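# A closer look at the structure
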Amino acid sequence: MTTPYLIYGAYGYTGDLIAREAVRRGQRPVLAGRNAEAVRALAAELALEHRAFALDDARAVDEALSGMKAVLHCAGPFVRTSKPMADACLRVKAHYLDVTGEIDVFEPLAARSAEAAASGVMLLPGVGFDVVPTDCLAAHLKRRLPTAARLVLAFHSVGGLSRGTATTMIENMHRGGLIRRDGLLTPVPAGWKTRTVDFGRGPRTVVSIPWGDVATAYYSTGTPNIEVYTTATWPLRLTMRASRLLRPPLASAAVQAFLTQRVRAGAPGPTAEQRARGRTVVWGEATDKAGGRAVSRLYGPEGYTFTTLTALAAVERVLSGDAPPGFQTPAKAYGPDFVLGIEGVKREDQ
């Protein structure tokens, strides 16, 4: 595949996984990032072209994106980096994709849909584990129950966290939770609600979290009420509730800097062996006002492996010419069965 695209943040944990898999598939992406030494080293190893630039220099970004059909943006926290990259993509008319799961990225990009459509540019955030499997399952449930008024999603993932993911969690842990209620994003306390979900091996306790689908599933399905949950041990649930009382210190620059420093001192992310052993199960339930109910499950690989495979699947669709302009979600752009094209993924209806 010779059509040019650029991976920004290619030397980060997720970007590195994607770049290596792209080369394994015979692709020749241009690698890019702010750290010239890091991106040069990775590009030399993979025998790829590279470009080094910071996102606060609009002229440099435009020059670096020149000739690119698409950008796969992998440098977070995306709440700070997505806007300058999306701005540049709109200026140079390159399609924008990223691997974020941050609601504060999805919503501003959704608000720019008309602008992007007028430029012939697709804005497609969330092409990784956040939110391809959950988004596609949400759209599948809506297909099964078109009258759905409420959507509940939950996931169980075995694996670890990258430094980037952990850093994003630290920056947002003081903010509490979010749900979609009557079409509106509605704040709720951290660890607002627990319930039990059967992921296929009996009931497990899950806790509500502000996952990206609170934003994206609304655009994919039009369902006005959306909640997202994940499995959590009781100490983690207790910690989430305690954070309600600790919001001021958790929001302070000193505490966030200390926690971020601890994260950076650790491993960059799960090892190859941990990723190979990991797995993901997504559960979803759609209900309507008449008592109708549809339940489905989706099984797939570990989260970072999932992200690598879904991000490149989306890029391949874009480079083949399948890039509907405007703001898109994975399921809105490519349908609820898009995720079934990923190796190791299967879906079942209850």
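Just above, that's the structure.
About the thresholds
- Residues numbered from 1 in each chain as written.
- Predicted model: local features only at pLDDT ≥ 70, side-chain atom pairs only at ≥ 80, totals over all residues.
- Heavy atoms only, no water.
- Helix = DSSP H or I, 4+ residues; strand = E, 2+ residues; numbered from the N terminus.
- Buried < 20%, exposed > 50% of the residue type's maximum accessible area, 1.4 Å probe, protein only.
- Contact = heavy atoms within 4.5 Å.
- Polar contact = N/O pair within 3.5 Å; in protein donor to acceptor, adjacent residues only side chain to side chain.
- Phe/Tyr/Trp six-rings, centres within 6.5 Å; stacked < 30°, edge-to-face > 60°.
- Lys NZ or Arg CZ within 6 Å of the ring centre and 35° of its normal.
- Axes fitted to C-alpha atoms, helices over the stretch in contact; angles between N-to-C directions.
- Parallel < 35°, antiparallel > 145°, perpendicular 65-115°, else oblique.
- Left-handed = near helix turned anticlockwise from the far one by under 90°.
- Nonpolar A, V, L, I, M, F, W, Y, C, P; charged D, E, K, R; others polar.
- Core = buried A, V, L, I, M, F, W, Y, C linked by side-chain atoms within 4.5 Å.
- Salt bridge = Lys/Arg side-chain N within 4 Å of Asp/Glu carboxyl O.
- Pairing = 2+ DSSP bridges.

### Some details on the environment of Tyr-229
Assignment of secondary structure puts Tyr-229 in strand β12 (residues 225-231). Classification of Tyr-229 as buried rests on a relative accessible area of 0%. Distance in space between the C-alpha atoms of Tyr-229 and Thr-205 is 9.4 Å, their sequence separation being 24 residues. Among all residues touching Tyr-229, those that are not within four sequence positions of it are Val-152, Leu-153, Ala-154, Phe-155, Trp-192, Lys-193, Arg-195, Val-206, Val-207, Ser-208 and Ile-209. In this structure the side chain of Tyr-229 is engaged in a polar contact, spanning 2.6 Å, whose partner is the side chain of Glu-227.

### Some thoughts on the packing of aromatic side chains
Applying the stated rule across the entire model yields nine aromatic pairs. When the centroid spacing of 4.4 Å and the interplanar angle of 45° are considered together, the rings of Phe-155 and Trp-211 count as tilted. Of this pair, Phe-155 sits in strand β7 (residues 150-158) while Trp-211 sits in the loop between β11 (203-208) and α9 (213-221), placing them 56 residues apart in sequence. Exposure remark for Phe-155: the relative accessible area of 7% places this residue in the buried category. Three or more aromatic residues joined by ring pairs make a cluster, and in this case those are Phe-129, Phe-155, Trp-211 and Phe-306. A cation over an aromatic ring shows up here: Arg-180 above the ring of Tyr-218, its NZ or CZ 4.2 Å from the ring centre. In this structure, Lys-346 packs its charged tip against the face of Tyr-299, placed 5.4 Å from the ring centre.

### Considerations on unusual backbone geometry
Geometrically, the link from Gly-76 to Pro-77 is a cis peptide bond, its omega value of -5° lying close to zero. Residue Asp-130 is joined to Val-131 through a cis peptide bond whose omega torsion reads 10°. Mapped onto the elements, Val-131 comes out in the loop between β6 (122-124) and α7 (132-144). Despite not being glycine, Lys-93 shows a phi value in the positive range, around 65°.

### Examining the packing of helix α4 (residues 78-92) against helix α5 (residues 103-110)
Between α4 and α5, whose axes approach to 9 Å, the crossing angle comes to 25°. In terms of axis orientation, α4 runs roughly parallel to α5. By crossing handedness, the relation of α4 to α5 is classed as right-handed. Of the residues in α5, those in contact with Phe-78, Val-79, Ser-82 and Ala-86 of α4 are Asp-104, Val-105 and Leu-109. Tallied by class, residues from the contact of α4 with α5 come to five nonpolar, one polar and one charged.

### Quick look at the nonpolar core
Grouped together as the largest cluster of nonpolar side chains are 90 residues, with contacts concentrated most on Leu-6, Leu-31, Phe-53, Leu-65, Leu-72, Met-85 and Leu-97. If you look at the next biggest cluster of nonpolar residues, it comprises ten residues, including Val-152, Val-197, Val-206 and Tyr-229.

### Considerations on the pattern of salt bridges
Overall, the coordinates contain 21 salt bridges when judged by the stated rule. Residues Asp-337 and Arg-143 are paired through a salt bridge, measuring 2.9 Å at the closest nitrogen-oxygen approach. Pair noted here: Asp-337 is in the loop between α15 (330-334) and β16 (346-349) and Arg-143 is in helix α7, with a separation of 194 residues, a long-range link. Given a relative accessible area of 37%, Asp-337 falls into the partly exposed group. By sharing partners, the salt bridges in this structure join Glu-21, Arg-24, Arg-25 and Glu-316 into a single network.

### Quick look at α9
Of the residues making up α9, those classed as buried are Asp-213, Val-214, Ala-215, Thr-216, Ala-217 and Thr-221. Buried residues along α9 sit in contact with α5, α7, β7, β8 (177-181), β9 (184-188) and β12. Trailing α9 by a residue or two, Gly-222 shows a phi angle of about 75°, which is positive.

### Quick look at α5
Among the eight residues in α5, six count as buried, and that is most of the element. Residues Ile-103, Val-105, Phe-106, Glu-107, Leu-109 and Ala-110 constitute the buried set of α5.

### A few points about the sheet that holds strand β1 (residues 5-8)
Ordered in space as β3-β2-β1-β4-β5-β6-β15, the seven strands form an open sheet in which the pairing is parallel. The sheet is open, and its two borders are formed by β3 (50-52) and β15 (326-327), each paired with just one other strand. As defined by bridge partners, β6 adjoins β15 across two bridges and the pair is classed as parallel. Among the inter-strand pairings, Met-122 is bridged to a residue of β15, identified as Gly-326. Lying over the sheet, helix α3 (residues 58-65) contacts β1, β3 and β4 (70-73), oriented at roughly 175° with respect to β3.

### Quick word on the environment of Thr-221
Its location among the elements puts Thr-221 in helix α9. Sequence separation between Thr-221 and Ala-148 is 73 residues, and the spatial gap between their C-alpha atoms is 9.0 Å. Discounting chain neighbours no more than four positions away, the residues touching Thr-221 are Ala-138, Ala-139 and Lys-142. Among the polar contacts made by the side chain of Thr-221, one reaches the main-chain carbonyl oxygen of Ala-217 at a distance of 2.7 Å. A distance of 2.8 Å separates polar atoms of two side chains, one belonging to Thr-221 and the other to Thr-223.

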